[in-house]
Amino acid sequence: WTPPSYIADVNSDDAPSNDVDTATNVNIGKLYANFIETVRRGLELLIEDGYTPVIRGIYWDQGEADTVNHKRALEYEKLFRYLMQDMRRDVSELAGDPPLNSEDNPVPFVINKIFHNLNSDTDRHTIDVPIVNAVKYKMAQEMKNVTVVDKIKDENILFTSADSNLDFVYYE
């Protein structure tokens, strides 16, 4: 899920060293590119079938892979900021008219908290979950139109959007 802006930043001459080998790993960025292509093609097919698709926001339920490597978990904030920035821009461009993304009203981003099995504190895959979840909550505090949900706790959550405002409705 490595976004283009992150790749450009870590490959710049003044970037600090990290463990993300974007220069020689040909797979870096493919998940992101495939996602954008899937959204583009899905919108295209809906339009061909006579629908008028409207994108109201992005729901993100990922981050577990970034808990496997401690250095990667520490890099998650930078990576995730670029991911949201790039997805907001690229999905907005695909959505077309009216403009979906602006500085005053960025595309809503709903982020799911990663489940942490508290009985697995020695499991390398889950040990850095608190670091990644803390980044998600920090993003929600610092960035406009970003919120974190806990789908384990809030399993009956329904997302609605009116006029691009981020609203949540709980149902039973």
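The rules behind the values
- Residues numbered from 1 in each chain as written.
- Predicted model: local features only at pLDDT ≥ 70, side-chain atom pairs only at ≥ 80, totals over all residues.
- Heavy atoms only, no water.
- Core = buried A, V, L, I, M, F, W, Y, C linked by side-chain atoms within 4.5 Å.
- Buried < 20%, exposed > 50% of the residue type's maximum accessible area, 1.4 Å probe, protein only.
- Helix = DSSP H or I, 4+ residues; strand = E, 2+ residues; numbered from the N terminus.
- Contact = heavy atoms within 4.5 Å.
- Pairing = 2+ DSSP bridges.
- Axes fitted to C-alpha atoms, helices over the stretch in contact; angles between N-to-C directions.

Draft legend 1. Seen up close, the nonpolar core. Counting residues in each nonpolar core, the largest one holds 25 residues, and the members touching the most others are Trp60, Phe80, Met84, Phe109 and Ile111. Only helix H2 (30–48), strand E1 (58–60), helix H3 (70–95), strand E2 (109–112), helix H4 (129–142) and strand E3 (146–149) provide two or more residues apiece to this core. If you tally residues by element for this core, the top one is H3, at seven residues. The contacts of Phe80, once residues within four sequence positions are left out, are Trp60, Phe109, Ile111 and Met139.

Draft legend 2. Geometry of the pairing of E2. Side chains Phe109 and Ile111 project from E2 onto one buried face, and the interleaved Val110 and Asn112 project onto a second face that is buried too. Here E1 pairs with E2 via three bridges, running parallel. Directly across from Trp60, in E2, lies its bridge partner Ile111. Summarising the sheet, E2 and E3 pair through four bridges and their orientation is parallel. Within E3, the residue paired with Asn112 across the bridge is Val149.

Draft legend 3. Examining the sheet that holds E1 more closely. Strand order in this open sheet of three strands is E1-E2-E3, and the pairing throughout is parallel. Bordering the open sheet on either side are E1 and E3, each of which pairs with just one other strand. Across this sheet, the average inter-strand angle for adjacent strands is 20 degrees, counted without regard to direction. Lying over the sheet, H3 contacts E1, E2 and E3, oriented at roughly 155 degrees with respect to E1. The sheet strands contacting H4 are E2 and E3, and the helix crosses E3 at an angle near 145 degrees.

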